[in-house]
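Each chain, written out:
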Amino acid sequence: MIRFYFHPTPNPAKVALMLEEIGLPYEVIPVDTSKGQQHDPAFRAINPNGKVPAIVDTEGPGGVPATVFDSTAILLYLAEKSSKLLGQPGDRADLLSWLFFIASGLGPFSGQAVHFQHAAPEGLDYAVNRYRREAERHYQVLDGRLAGREFIVGKEYTIADISAWGWLDRASRVLKGAAEPLAPYPNIARWFAAIDARPAVARARKVGTDFDFKTARDEEAKRALFPSNYPPAA
């Protein structure tokens, strides 16, 4: 059994889709990050970085429970555990390259673009421009990769596609104000429509909907989500 620590944000969404695609049994454990539950000692014992997603595989290698955090690590772990969505052996170098392009580039810069456009105080024009333009640049790189290609890696749907889907699903927030955020990226738009039509995506979108996560961005939520912005308690 996989214990899946979840909040409805892009990185946990990737893991939800992965679990639905490979069909391993799992239990969703909500972590309400706006209430600061990611900082609870019990969760920090699972992920010292205090972020979701994380999983605990009660039937890990050799029957020993395994704890995995960070969405990219989780995707790789689950792909290897299930022997699914890794592509062909000859695709391994491309798979790792594009998976980590998403993990170190498209994902983080998209996240910072969302933060500075939607959550940061006004007046930080340099930061807004920096992260928005870098997010757009990463979109351009991926759009070029997908020219004439059905999937990001090789000829098969892989964890690279799942990883990219998680953040591209939030393109309207990353590219704030764009009426058709994927219109400048026709290859991404075509690819995203095909991935988003998969039956597992519809199931993944339902994950966690039976939990009442906090949505208000009040002082409690800001302190929980952005603790480095606040001095430690005396």
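Residues numbered from 1 in each chain as written. Predicted model: local features only at pLDDT ≥ 70, side-chain atom pairs only at ≥ 80, totals over all residues. Heavy atoms only, no water.

Q: Help me understand the overall build of the protein chain in this model?
A: Across its full length, the protein chain holds ten helices and four strands. Element order for the protein chain, N to C, with α for helix and β for strand: β-α-β-α-β-β-α-α-α-α-α-α-α-α. A globule of 234 residues ought to have a C-alpha radius of gyration of about 17 Å, and the protein chain, at 18 Å, matches this closely. Across its three principal axes, the protein chain shows a C-alpha extent of roughly 55 × 45 × 30 Å. With 234 residues in all, the protein chain has 47% of them scored as buried. For the protein chain, the computed accessible surface area is about 11,700 Å², with 54% contributed by carbon and sulfur atoms. (Helix = DSSP H or I, 4+ residues; strand = E, 2+ residues; numbered from the N terminus. Rg over C-alpha atoms; globule rule 2.2 N^0.38 Å. Buried < 20%, exposed > 50% of the residue type's maximum accessible area, 1.4 Å probe, protein only. Areas by Shrake-Rupley, 256 points an atom, 1.4 Å probe, with all protein chains shown as cover.)

Q: Looking at this model, I keep getting lost on the environment of tryptophan 98. Mind explaining?
A: Here tryptophan 98 is to be found in helix α4 (residues 92–118). C-alpha separation for the pair tryptophan 98 and tyrosine 157, spaced 59 residues apart in sequence, amounts to 13 Å. Residues within four places of tryptophan 98 in sequence aside, it is in contact with Val141, Leu142, Arg145, Ile152 and Val153. (Contact = heavy atoms within 4.5 Å.)

Q: What's the story with the packing of helix α3 (residues 71–82) against helix α6 (residues 159–168) in this structure? I'm lost.
A: Think of two packed helices as two axes; the pair is described by the angle between the axes and how far apart they sit. Packing of α3 against α6 leaves a shortest axis separation of 10 Å and a crossing angle of 150°. One finds that α3 runs roughly antiparallel with respect to α6. The chirality of how α3 crosses α6 is right-handed. Contacts between α3 and α6 pair Leu75, Leu76 and Ala79 from the former with Ile159, Ile162 and Ser163 from the latter. A breakdown of the residues in the contact of α3 with α6 according to their chemical character gives five nonpolar, one polar and no charged. (Axes fitted to C-alpha atoms, helices over the stretch in contact; angles between N-to-C directions. Parallel < 35°, antiparallel > 145°, perpendicular 65-115°, else oblique. Left-handed = near helix turned anticlockwise from the far one by under 90°. Nonpolar A, V, L, I, M, F, W, Y, C, P; charged D, E, K, R; others polar.)

Q: Just checking my understanding: could you explain the nonpolar core for this structure?
A: Nonpolar side chains in soluble globular proteins tend to end up buried together. Ranked by internal contacts, the top residues of the largest apolar core, which has 59 residues, are Leu78, Leu142, Ile152, Ile159 and Trp191. When residues are assigned to domains, this core turns out to be shared by domain 1 (2–84 + 203–229) and domain 2 (91–197), each giving three or more. In this view, tryptophan 191 contacts Leu146, Glu150, Phe151, Ile152, Asp161, Ala164, Trp165 and Leu168; residues no more than four positions away in its chain are not counted. Tyr5, Ile29, Ala54 and Val56 belong to the second-largest nonpolar core, a separate cluster that totals eight residues. (Core = buried A, V, L, I, M, F, W, Y, C linked by side-chain atoms within 4.5 Å. Domains from an automatic or database assignment.)

Q: Explain the pairing of strand β3 (residues 54–57) to me, please; I cannot follow it from the model alone.
A: Taken residue by residue, a regular strand's side chains alternate between the two faces of the sheet. Side chains Ala54 and Val56 project from β3 onto one buried face, and the interleaved Ile55 and Asp57 project onto a second face that is buried too. Bridge analysis of strand β1 (residues 2–6) against β3 gives four bridges, and the strand direction is antiparallel. Among the inter-strand pairings, arginine 3 is bridged to a residue of β3, identified as valine 56. Two strands pair when backbone bridges link them, and β3 and strand β4 (residues 66–69) are joined in this way by four bridges, in the antiparallel orientation. By the bridge assignment for β4, alanine 54 is matched with phenylalanine 69. (Pairing = 2+ DSSP bridges.)

Q: For this particular structure, what's the right way to read the packing of α3 against α4?
A: As a packed pair, α3 and α4 sit with axes 10 Å apart at the nearest point and diverge in direction by 150°. In terms of orientation, α3 and α4 fall into the roughly antiparallel class. Note on element contacts: α4 touches α3 through Arg92, Leu96, Leu99, Phe100 and Ala103, opposite Thr72, Leu76 and Glu80. Looking at side-chain class alone, the contact of α3 with α4 contains five nonpolar, one polar and two charged residues.

On their own, these measurements won't tell you what the molecule is for.
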